[in-house]
Amino acid sequence: MEQSRTQKHTVVLVPLPLQGHMTPMLQLGSILYSKGFSIVVAHSELRPPNPLNHPEFIFHLLSDGLSGYQASIDNLKHLVLAMNSNCRAPMQDYMVQLMEDQKLQGYPVSCIIYDSYLCFVDSVATHLKIPSIVLRPNMAAYMLSRRYICQLQAENRIPFPESRLLDPVPELHPLRFKDLPYPITNEIPEWIMDFFASSVNIRSSVAIILNTTDCLEHSTLSRLQQRYKVPCFPIAPLHKLGAAATSTSFLEEDQSCIAWLEKQPPNSVLYVSLGSLARVNEQELTETAWGLANSGIPFIWVLRSDSKDGSQLEDHFPEGVKALLRERGLIVKWAPQKKVLAHSAVGGFWSHCGWNSTIESICEGVPMICRPHFADQSSNARYLTYEWKVGLEIENVLDRGSIEKSIRRLMVDAEGKEMRQRMSVMKDKLEAGLQKGGSSYESLNDLTEFISQLTSKHGSRS
């Protein structure tokens, strides 16, 4: 995407330092840079992005005392609380200096775009009279499902009867109560309810950007627009609109798997990756190993060194399965996922169904085996399996027999071929949305114009 040089107004991005949140924020930055905006990334000491991957950006480290922090789903609460507590003062000090510098250069700060978990940013923006915009890295349905849990709590309907978990959630088709982002059959801890309430409150923000698209969520986006009386800009897939070669990964990607894929027949390989946060126990790892080996299907299996305690996870496998795994597949610690999914040899993706992984798989027409763990993953899996019919879910207890059966259903049986055909249609729709006149193309133009108008209004006050 060729960069326009007609504008030099600045957009400040404030990401959450988790892979599923950092990636879309940096991708959005690349897109806005290509539209002529200068990009500043104000980020935590924890998992800082690599400036060498984005030499066109200005990076500013916020002194938040989190450099030695261990980011995991278990301590997400403490991470978000710490950032919202520790980052406000350094963010405000930096913005005051940045605004002064930009004013001298004649290029005002247009707005701050921030991750929906980081409410301190809106406080700073309001104090300094800078427009703020929320980035939601998930489906619109996830934002509405969090609102619905808050509604259930307000109506004293939690704990919710287990007998009704398969009932449809009103106005959130195709979701059932069991697909909501937190179990509702027991009391929900107060901090989680506060967390949900904060994340769906846009405060004084003037717009919402979503990493989704009209062709995937037309009716849900309409409902979201009715709930929030500010402009909503669904723009997806972000990675197809931004700089293609730019890496946003925190972990080093093992490129050797691409050479291995070159030796495999088309649509023959199952790619297995449960994302950057999910952890599994030893029994589940062993059953997965046997299921993969017994399926007879070639595979690439991403086993992070922190997926379970210990550095070499395959060392925990029985000798019999280790020999079969070496013969039939490849185990890596982290993979260049977008390249893997785009390779013609890959015919299926066993995923945790995080939204980045889901939309990357749709973009390449790769059907999925769904094993959701937390957050938006259950609702994403519901859309994949029930609404779009491009995936199948492994539910309940994981055992080698059900794993082998699921893999063969996707990779060998007629059912899997039908899913692949439906996924190909979805891929074409997403690609059409990126072309001139398409929904994401037009939404991006609308966003660019919206920020430019903020610049002129805000710049006149500065």
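Residues numbered from 1 in each chain as written. Predicted model: local features only at pLDDT ≥ 70, side-chain atom pairs only at ≥ 80, totals over all residues. Heavy atoms only, no water.

The name an unreviewed UniProt entry gives the protein is UDP-glucose iridoid glucosyltransferase-like, with Coffea arabica as the organism. Database annotation for the protein, UniProt heading Sequence similarities (unreviewed entry): "Belongs to the UDP-glycosyltransferase family." (UniProt positions renumbered as here; feature names shortened; annotations may be inferred.)

For the rest of this paragraph, the subject is the sheet that holds strand β9 (residues 299-302). Reading across from one edge, β10-β9-β8-β11-β12-β13 is the order of the six strands in this open sheet, with parallel pairing throughout. Pairing within the sheet leaves two strands with one partner each, and these edge strands are β10 (329-332) and β13 (391-393). The average undirected angle you get between the axes of adjacent strands in this sheet is 15°. Summarising the sheet, strand β11 (residues 346-351) and strand β12 (residues 368-370) pair through three bridges and their orientation is parallel. Opposite Phe 349, over in β12, you have Met 368 as the bridge partner. Running over the sheet, helix α14 (residues 377-387) touches β12 and β13 and is turned about 120° from β13. Contacts from helix α15 (residues 400-411) reach β8 (269-273), β11, β12 and β13, with the element oriented near 140° to β11. (Pairing = 2+ DSSP bridges. Helix = DSSP H or I, 4+ residues; strand = E, 2+ residues; numbered from the N terminus. Axes fitted to C-alpha atoms, helices over the stretch in contact; angles between N-to-C directions. Contact = heavy atoms within 4.5 Å.)

Time to look at the nonpolar core. In this structure, Val 12, Val 14, Met 91, Met 95, Ile 184 and Trp 388 are the most contacted members of the largest nonpolar core, which totals 98 residues. By residue number, the principal contributor to this core is helix α5 (residues 140-154), which donates nine residues. No fewer than three residues from each of domain 1 (9-246 + 434-457) and domain 2 (255-431) sit in this core. Discounting residues that sit within four places of it in the chain, Val 14 has contacts with Met 25, Ala 42, Met 91, Ile 112, Ile 113, Tyr 114, Asp 115, Leu 118, Phe 120 and Val 121. Leu 13, Phe 37, Ile 133 and Leu 135 belong to the second-largest nonpolar core, a separate cluster that totals 30 residues. (Core = buried A, V, L, I, M, F, W, Y, C linked by side-chain atoms within 4.5 Å. Buried < 20%, exposed > 50% of the residue type's maximum accessible area, 1.4 Å probe, protein only. Domains from an automatic or database assignment.)

Our next topic: the confidence of the model for the protein. Averaged over every residue, the pLDDT of the protein is 89; residues scoring 70 or more account for 90%. At the level of individual helices and strands, the protein shows its lowest average pLDDT in helix α11 (residues 319-328), which scores 77, and its highest in strand β6 (residues 207-210), which scores 98. Note that pLDDT drops below 50 for residues 307-311; the model gives that stretch 15 contacts with residues more than four away or on any other chain. (pLDDT = per-residue confidence, 0-100.)

Take the sheet that holds β6 next. Taking strand neighbours across the sheet as the criterion, the seven strands line up as β3-β2-β1-β4-β5-β6-β7 in an open arrangement whose pairing is parallel. The sheet is open, and its two edges are formed by β3 (58-61) and β7 (232-234), each paired on a single side. With strand direction ignored, the average angle separating the axes of adjacent strands in the sheet is 20°. Together, β1 (10-14), β2 (38-43), β4 (109-115), β5 (132-136) and β6 form the strand contacts of helix α1 (residues 19-34), whose direction differs from that of β4 by roughly 160°.

Looking now at the packing of aromatic side chains. Enumeration according to the criterion identifies nine aromatic pairs in this entry. Each ring, one from Tyr 117 and one from Phe 195, has its centre 4.8 Å from the other, and the planes form 35°; the classification is tilted. Here Tyr 117 is found in the loop between β4 and α4 (120-128), whereas its partner Phe 195 is found in helix α6 (residues 190-199), with 78 residues between them in sequence. Its guanidinium or amino end placed over the ring of Tyr 228, Arg 147 lies 5.0 Å from that ring's centre, counting from NZ or CZ. Taking NZ or CZ as reference, Lys 389 lies 5.5 Å from the ring centre of Tyr 386, over its face. (Phe/Tyr/Trp six-rings, centres within 6.5 Å; stacked < 30°, edge-to-face > 60°. Lys NZ or Arg CZ within 6 Å of the ring centre and 35° of its normal.)

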